[in-house]
Every structure is written in C-alpha cells, then in structure tokens.
Amino acid sequence: MVRRLVLICLSTVGLWMLQIVGSQAGTIVVDLSVEQGPMNHRANGYLVSIEPTEPPTSLIAPLKPTSFRGNAGYIFNNYDRLAQVGVTEFQLTLGLVFHHLALQIFDINQIGLDGNYTPWLAHVDRVIDQVLARRLHVLWDIYNEPDLAALPLNDNARLKEGWRLAYRRIKERIPAAQIVGPSVSRYRLLKPFLEWSQSQDVFPDVVAYHEYGDPGGVLGYVDDLRSYLRAQGLARPISVNEILGQESWTIAGYTAGVIAAYERADILSAMRACWPDPQDMSRSSVENTCDNPTLDGLLYVDRRSKRPGWHIYQTYADMRGVRVSTMTDSPTLHALAALEQPSGTLRLLLGKYQDSSTEETRVVIRNSHGRVWSASNEIPHLCAERIPDVGSAPLEKPVVTIDQSLPVSEHEISFLLPEFYHSDAYRIVLGPSTSCPEHR
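Residues numbered from 1 in each chain as written. Predicted model: local features only at pLDDT ≥ 70, side-chain atom pairs only at ≥ 80, totals over all residues. Heavy atoms only, no water.

## Some words on the overall build of the protein
Heads up, the condition is: Secondary structure elements follow DSSP: runs of H or I no shorter than four residues count as helices, runs of E no shorter than two count as strands, and numbering proceeds from the N terminus. Accessible area is worked out with a 1.4 Å probe on protein chains only. A residue is then buried under 20% of its type maximum, exposed over 50%, and partly exposed in between. Any two residues whose heavy atoms approach within 4.5 Å are treated as being in contact. In these tables, accessible area is a Shrake-Rupley quantity obtained with a 1.4 Å probe, and a residue counts as shielded only by the protein chains included in the view.
Helices and strands together make up the secondary structure of the protein, namely 9 helices and 18 strands. When the 440 residues of the protein are sorted by exposure, 54% land in the buried category. Once local pairs closer than 6 in sequence are excluded, the contacts in the protein between residues at least 24 apart make up 71%. A total accessible area of about 19,000 Å² is found for the protein, and carbon and sulfur atoms account for 53% of it.

## Some thoughts on the environment of P276
Considering the arrangement of structural elements, one finds P276 in the loop between strand 10 (269-272) and helix 9 (308-318). Residues P276 and G297 lie 21 residues apart in sequence; the distance between their C-alpha atoms is 9.0 Å.

## Re the state of the cysteines
Any covalent bond linking the sulfur atoms of two cysteines counts as a disulfide. For clarity, the threshold we go by: Only a pair of cysteine sulfur atoms within 2.5 Å qualifies as a disulfide here.
One pass over the full model with this rule turns up 2 disulfides. A disulfide bridge connects C274 with C290, and the sulfur atoms are separated by 1.9 Å. Given an S-S torsion of about 85°, the disulfide between C274 and C290 has right-handed geometry. Remark: C290 occurs in the loop between strand 10 and helix 9 and C274 occurs in the loop between strand 10 and helix 9; sequence separation between them is 16 residues. Considered together, C274 and C290 belong to a single accessibility category, that of buried residues. Disulfide pairing places C383 opposite C436 at an S-S distance of 2.1 Å.

## Observations concerning the sheet that holds strand 1 (residues 27-38)
Defined as follows: At least two bridges found by DSSP between two strands is the condition for calling them paired. Lines are fitted to the C-alpha atoms to define the axes, a helix being fitted only along its stretch in contact, and any angle between axes, read from their N-to-C directions, falls within 0 to 180 degrees.
If you trace the 9 strands from one edge of the open sheet to the other, you get 16-15-18-13-12-11-1-14-17, paired in mixed fashion. Because the sheet does not close on itself, it has two edges, and the strands there are strand 16 (399-405) and strand 17 (412-417). Taken pair by pair, the neighbouring strands of this sheet meet at an average axis angle of 20°, ignoring direction. Across 6 bridges, strand 13 (residues 345-352) lies against strand 18 (residues 425-431) in antiparallel orientation. The residue of strand 18 that forms the bridge with L346 is L430. Where helix 8 (residues 252-265) meets the sheet, its contacts fall on strand 1, strand 11 (322-328), strand 12 (333-340), strand 13, strand 15 (381-387) and strand 18, and the angle it forms with strand 13 comes to roughly 125°. Taken strand by strand, helix 9 contacts strand 12, strand 13, strand 15 and strand 18, and its axis lies near 145° from that of strand 13.

## Topic: the layout of surface pockets
Counted only if it meets this: A 1.4 Å probe that fits into a set of points on a 1 Å grid over the protein atoms alone but cannot get out defines a cavity; an open set with protein on both sides within 12 Å along at least five of seven lines defines a pocket, and lining residues are those with an atom within 4 Å of a point. Grid points are joined across faces, edges and corners, and a volume is the space filled by probe spheres set on the points. When residues are sorted by character, Ala, Val, Leu, Ile, Met, Phe, Trp, Tyr, Cys and Pro go into the nonpolar class, Asp, Glu, Lys and Arg into the charged class, and all the rest, Gly among them, into the polar class.
Computed from the structure, the largest pocket encloses a volume of approximately 590 Å³. In terms of lining residues, the largest pocket is bounded by 26 residues, among which L96, F98, N144, C274 and C290 are the most central. Residue assignment for the lining of the largest pocket shows that the elements contributing at least two residues are strand 3 (67-71) and strand 4 (89-96). At 3 residues, strand 3 tops the list of elements feeding residues into the lining of the largest pocket. Looking at side-chain class alone, the lining of the largest pocket contains 14 nonpolar, 7 polar and 5 charged residues.

Structure, rendered in structure tokens:
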C-alpha cells in the first residue's frame, strides 16, 4: 500500500513538472546564489552612426558605450569624443566593398588588380601614419564583409594576398598591433578563412564575424568557435562586430534578447549593426542608419527622439555588479540579471521575441534572503517598466506597470508582469528605492 502511494505521488509530481515545463505562461527564474562573473557590457558596441557633434552627448553618455567600429574617417573624426564617454575598444576598418576617399575607405575589389598591390599598401601606410601621429589605440580590422566582394574572400587569391600583405605591414610598423578579422557577414563563412590564415601564419589576433539570427542561437556559434580554436591549439578573443539583423533590428524584445545573449557569451565585444531606416525618406530612397547620426537607429529620424532600443541599451548600461543566473521555460523568452553590492539592488532586462503566448509572465527570484536589500521593518521596492514594441516609432519613455513595495519570503520573491506581449521588453529594478524614477 505504501509503495503504491509513493508511486502515485511520484507520478503526480512528474505530471506537475511536465505541466510547468510545457506551460506557455512563461516563467523567468533568477537564482541570486549563482554568480556568473562581473557585468562586462560586452554587447554595448556601435557602428559608424555618429558625427563629431551629433547626436548630442546627452543622448550618448547614458548608454555608456564600450566599443566602436568604423573606417578610418569615422575613427579619426570621433575618437576623442567617444573616448570621453567611455569607449575603450576602437576597431578601425581598412577595406570595404566600395570606395570613399573622404572617409579613407579602400574598395577591396581593387586590391591586386593586374598584380598591383601598391595602392592598397599605400592606403594601409597612410592610415598607420595617422594612428601613430595621433597616438591612438585601435584594433586593426582589415576587411569588412569580404565575402561580399565581387569574388568572395574564400575563393579570392587577391583578397587573401591583400590580407597577408596588410597583416605583415601593420605588424612590422606596430609590433604590438592587434589584427581583427575576417569580419565575414555570416558565421558559416568563417572557418575556411581561418584555416588559410593559420597556414600562412597571419591568423587574426581577434576572431571576428557578423551574425544576425535569433538570440537563441548566439551561444551555439560562440561555443562552436571556441571549440574550433581549442582544437587548433589557439586562444583568441572573439568579437561579433555586427549584431541585430535587418528584419528585426527595430523590435524591442529581439534587441533585449540579443544583448542578453551576447553578455552571457562573455566575448570581447559585440556591435550593433546599421540598416535602412523604414521611417526615413529624406532621400530618393530609404536612408541607411549607417549614414546618419542616430546611433545605428536607436534614435528616431529627427536625431533626437528615443526609440525603444535606446531605452533597452540604457537599461543594459545601468546593470552593474555581478551577473547572476537566469533561466526561462521558453526559447522565446530572454533574461539578463545583475546584482549590485553593497546596495543589494537587482536589475533585470527581459525580452520576448516571436512569443504568441497570451498568458502573464511570472518572475521568480530565488535565494533572495540576505542578498536583496532589506532593513529592519522594511522591504524592498519593485519598479517594473514595460518597453513596448512600437517598431521603428519613437518611445518617449517606458511604461511603469508595477511601482510598489514587495514582501520577501525566506527563500524567494515572485510576481507577475502585466501586459508583457509578443515582442516587448521589460526593465525591472528591485532594491532600496522608494518609487520608480519619474523621468529618464
């Protein structure tokens, strides 16, 4: 009889667990006892979309950018300004698939024509001269998306020779230089070039590629690359120096999910890509956010109004302290959490992407006792703000949905997030505050 009761209980527990796993309600579990290293803001990088005076510094500084990538003209024009707001990693791109003299862009399709590599090396030398004269600290990104050349990199002997010559010239003139590359447009194009570069002893110091897919696939690519490098006996930092795809870059929940994934990946850097802006018809065709000072489209076409992405990056910038464990029960639900000591403030960045569930989303914070701020006879305050997916439209500020003190049990805190829809994002602060900020 006892054995039968035990079996019934086990079956009931098993059914209950299956119901939780299969639930479409959406549950985010934050475990404060599992620390995963410091918040490094690896995904807080930007690409070219800035000018020496635009946008205003007041719209850049709150995002606390950590990295920036651009051709020589963009780097030289904006280096000092960006360094002042916190950028420490500058990737300088030497060659693209078009020519622009004023911005010092060399068309890689012209490299080695008729066996002549002199113009390419002259370009490399000119840029080196300027970097040395100004005593700038840059990483040397030799090519941008060389797989999109008239003849793609992996089949192009001239481009490979151009890489070899530029690599050796840079190392000859700046022995401590760090070479980035090959910055191909998709991860699947990376390994053939790496094999060639290793055979020629011109392997990049920072392995870089672009990837724009679902945030759920981010860690798979990074883990695969790390395994490949280990198998070759190599240790290299990884930079995904363009992220967020053309079809999805304006989506709030997608943006939050991608940032969360790359911060968890613990790579050197990840930089926001720029794309045609669906709202900007100031030219005869749709303007590209690469060509305007909108921080890769985080700002609206008026160059002042904030889009949902701006608020997401600002939330990310504010996350300090240690990253703690997060788990979700759905591949369409993404989370990042940071615990700041000694204040005991917990900050969360959440995002949904292609989530069709109509149920409310539950947040469970485990092992909170002694970690989240509390004092005698007082309890922490919860501020939850929804960042709705309004597409490419502006969003003045997030929408406060919870602004209240929250009882803390011995082991966990639990609450429901209202109106967390298909592709929205959320930012949450749990700590000693007494109310939500009135304005950001």
